[in-house]
Amino acid sequence: MPSGRAAFETEESSLGSPGWGSRARRWAGGRRALLTGAMVAAVVLGAVGGVGSPILEGTARGAASPDGPWPGNKKVSPPPDDWPQGGTFDVFLCKDQDLFEQCRKRAITAKQRRALETRLRAMPEVAEVEFESQEEAYANFREQNANNKVLLSAIQLEDMPESFRGRLHRWRDLAPFGSAMDKAPGVANVMTFGGFFWGGRAEVVVSLCGRKGTIFACKGRGPATARERKAVGARLVALRESESVYFEDVAHARRVFAYVWGQKSSDAPLPESYYVKLANPGDAPVVIDAVEGMAGVGSARRFDEGSWMGFAQERSGELS
């Protein structure tokens, strides 16, 4: 895995969105454990997010040619515009020999920690807050990365910071909250995220080949063609395991990307994707196998937090 600063600077250049890159670099500088979490939000959510694109709804039967009608003549309609409310935050606390300038290599004091918790619980914009100890953070990290032996061997208990984690009532409070917490004594850095638009709406995401020169490009070719896009959609809709199939265009993906990072807009060159809602989430491997290897498919994977962690770690190697 590349260093935190190198990874984020390269990713920022690749995506063409300077806002999130500058924010992410605030917690670079040796905190490799937290790099993984940022990759999940920046790389993965950027790769899949979005609103305002057509949806293919319902379960279809039979097959169709790429240029023919959708199986069952399913109606194409726009996705719902009900965005998740509020957002989440992580306020990471200074630890001994911390590299963050505001920490001055000193850990947060017990008095500062108590004052910060009191302040957080009194803030009207904060809906929930909980404290995560270094031991809890390390245990959670090992559970989330149980299959990554290299990462597990590189990160030790002393690498993990304490933190206050929680939820905000309103999306518009993400930026003001982050700015306020950045200045609090004993705080190393703060990360805030808007809600996941696709959370609870899909179990599988199929991202199509993206533009050349980006981390979403497929080797030796350009973006997925209209014919390839149609063929992939037809196969997904035809699967009996598919309850609903949603197509996301680049404009919608950019909107989700911006929403997650608390921005008003984004011009990141993201790929088109299909999101699949399954009648039985356990059928995800069947759907993935059905489209993997098809022309124009960049990746097919489960849509859940655990899969995003693995996908982020896999793709982070391409950022060096």
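It should be emphasised that the depicted structure is a prediction, and the values quoted were computed from it without experimental measurement.

**Details of the overall build of the protein chain**
Here is step 1: Of the regular secondary structure elements, the protein chain holds 11 helices and 10 strands.
Here is step 2: Carbon and sulfur atoms form 50% of the exposed surface of the protein chain, whose accessible area is close to 14,700 Å².

**With respect to helix 7 (residues 174-182)**
Here is step 1: Among the residues of helix 7, Leu-174, Phe-177, Gly-178 and Met-181 are the ones counted as buried. Viewed end-on, helix 7 has its buried residues packed into an arc of 100°, placing them on one side of the element.
Here is step 2: Buried residues belonging to helix 7 abut strand 3 (87-93), helix 4 (110-122), strand 4 (126-132), strand 5 (163-168), strand 6 (187-194) and helix 9 (250-260).

**Examining the state of the cysteines**
Here is step 1: With the rule as written, the count across this model stands at two disulfides.
Here is step 2: One disulfide in the model links Cys-94 with Cys-103; its S-S distance is 2.0 Å. Between Cys-94 and Cys-103 the sulfur-sulfur dihedral comes to about -80°; the bridge is accordingly left-handed.
Here is step 3: Residue Cys-103 is classed as buried on the basis of its relative accessible area of 4%.

**What to know about the packing of helix 4 against helix 7**
Here is step 1: Put simply, helix 4 and helix 7 touch, their axes get as near as 12 Å, and they point 160° apart. Between helix 4 and helix 7, the crossing angle belongs to the class labelled roughly antiparallel. Two packed elements cross with a definite hand, and for helix 4 against helix 7 that hand is right-handed. Listed contacts from helix 7 to Leu-116, Arg-119 and Leu-120 of helix 4 are Phe-177, Ala-180 and Met-181.

**Some points on the environment of Met-191**
Here is step 1: By the secondary structure assignment, Met-191 is in strand 6.
Here is step 2: When the C-alpha atoms of Met-191 and Leu-174 are compared, they prove to be 9.1 Å apart, with 17 residues separating the residues in sequence.

**Remarks on the sheet that holds strand 4**
Here is step 1: The strand order 4-5-3-6 describes an open sheet built from four strands, whose pairing is antiparallel. Each having just a single partner strand, strand 4 and strand 6 make up the two edges of the open sheet. Put simply, the sheet's adjacent strands are angled 15° from each other on average, direction ignored.
Here is step 2: Here six bridges tie strand 4 to strand 5, and the two strands are oriented antiparallel to one another. Within the sheet, the bridge partner assigned to Glu-132 lies in strand 5 and is Ser-163.
Here is step 3: Sheet contacts for helix 5 (residues 134-144): strand 4 and strand 5; angle to strand 4, the most-contacted strand, approximately 95°.

**Considerations on the packing of helix 8 (residues 226-238) against helix 10 (residues 284-291)**
Here is step 1: The contact between helix 8 and helix 10 brings their axes to 10 Å, and the two run at 150°. As judged from the angle between their axes, helix 8 and helix 10 are roughly antiparallel. For helix 8 against helix 10, the interelement crossing comes out right-handed. Facing helix 8, whose interface residues are Val-232, Arg-235 and Leu-236, helix 10 presents Val-287, Ala-290 and Val-291.

**Digging into the packing of aromatic side chains**
Here is step 1: Under the criterion given, the structure shown has 11 aromatic pairs.
Here is step 2: Here Trp-83 and Tyr-259 contribute two aromatic rings whose centre-to-centre distance is 4.8 Å and whose plane-to-plane angle is 40°, an arrangement assigned as tilted. Pair noted here: Trp-83 is in the loop between strand 2 (76-77) and strand 3 and Tyr-259 is in helix 9, with a separation of 176 residues, a long-range link. Per residue, the accessibility class of Trp-83 equals that of Tyr-259, and both read buried.
Here is step 3: Above the face of the Phe-197 ring, Arg-201 is positioned so that its terminal group lies 4.1 Å from the ring centre.

**With respect to the pattern of salt bridges**
Here is step 1: One pass over the structure, following the stated rule, counts 10 salt bridges.
Here is step 2: Measuring nitrogen to oxygen at the nearest pair gives 2.9 Å for the salt bridge that ties Lys-277 to Glu-203. On the criterion of sequence distance, the pair formed by Lys-277 in strand 9 (residues 273-278) and Glu-203 in the loop between strand 6 and strand 7 (204-208) is long-range, its members being 74 residues apart.
Here is step 3: Put simply, Arg-221 and Glu-228 hold a salt bridge, and the shortest N to O gap is 2.7 Å.
Here is step 4: Looking at Arg-221, the relative accessible area reads 23%, which means it is partly exposed.
Here is step 5: Here the residues in one salt-bridge network are Asp-90, Glu-132 and Arg-165, joined through shared partners.

**Observations concerning unusual backbone geometry**
Here is step 1: The backbone phi angle of Gln-97 is positive, close to 60°, even though this residue is not glycine.
Here is step 2: Residue Gln-97 is classed as exposed on the basis of its relative accessible area, which comes to 55%.
Here is step 3: The phi angle at Lys-105 is positive, at roughly 60°, despite the residue not being glycine.

Rules of the game
- Residues numbered from 1 in each chain as written.
- Predicted model: local features only at pLDDT ≥ 70, side-chain atom pairs only at ≥ 80, totals over all residues.
- Heavy atoms only, no water.
- Helix = DSSP H or I, 4+ residues; strand = E, 2+ residues; numbered from the N terminus.
- Areas by Shrake-Rupley, 256 points an atom, 1.4 Å probe, with all protein chains shown as cover.
- Buried < 20%, exposed > 50% of the residue type's maximum accessible area, 1.4 Å probe, protein only.
- Arc of directions from axis to C-beta.
- Contact = heavy atoms within 4.5 Å.
- Disulfide = S-S within 2.5 Å.
- Axes fitted to C-alpha atoms, helices over the stretch in contact; angles between N-to-C directions.
- Parallel < 35°, antiparallel > 145°, perpendicular 65-115°, else oblique.
- Left-handed = near helix turned anticlockwise from the far one by under 90°.
- Pairing = 2+ DSSP bridges.
- Phe/Tyr/Trp six-rings, centres within 6.5 Å; stacked < 30°, edge-to-face > 60°.
- Lys NZ or Arg CZ within 6 Å of the ring centre and 35° of its normal.
- Salt bridge = Lys/Arg side-chain N within 4 Å of Asp/Glu carboxyl O.

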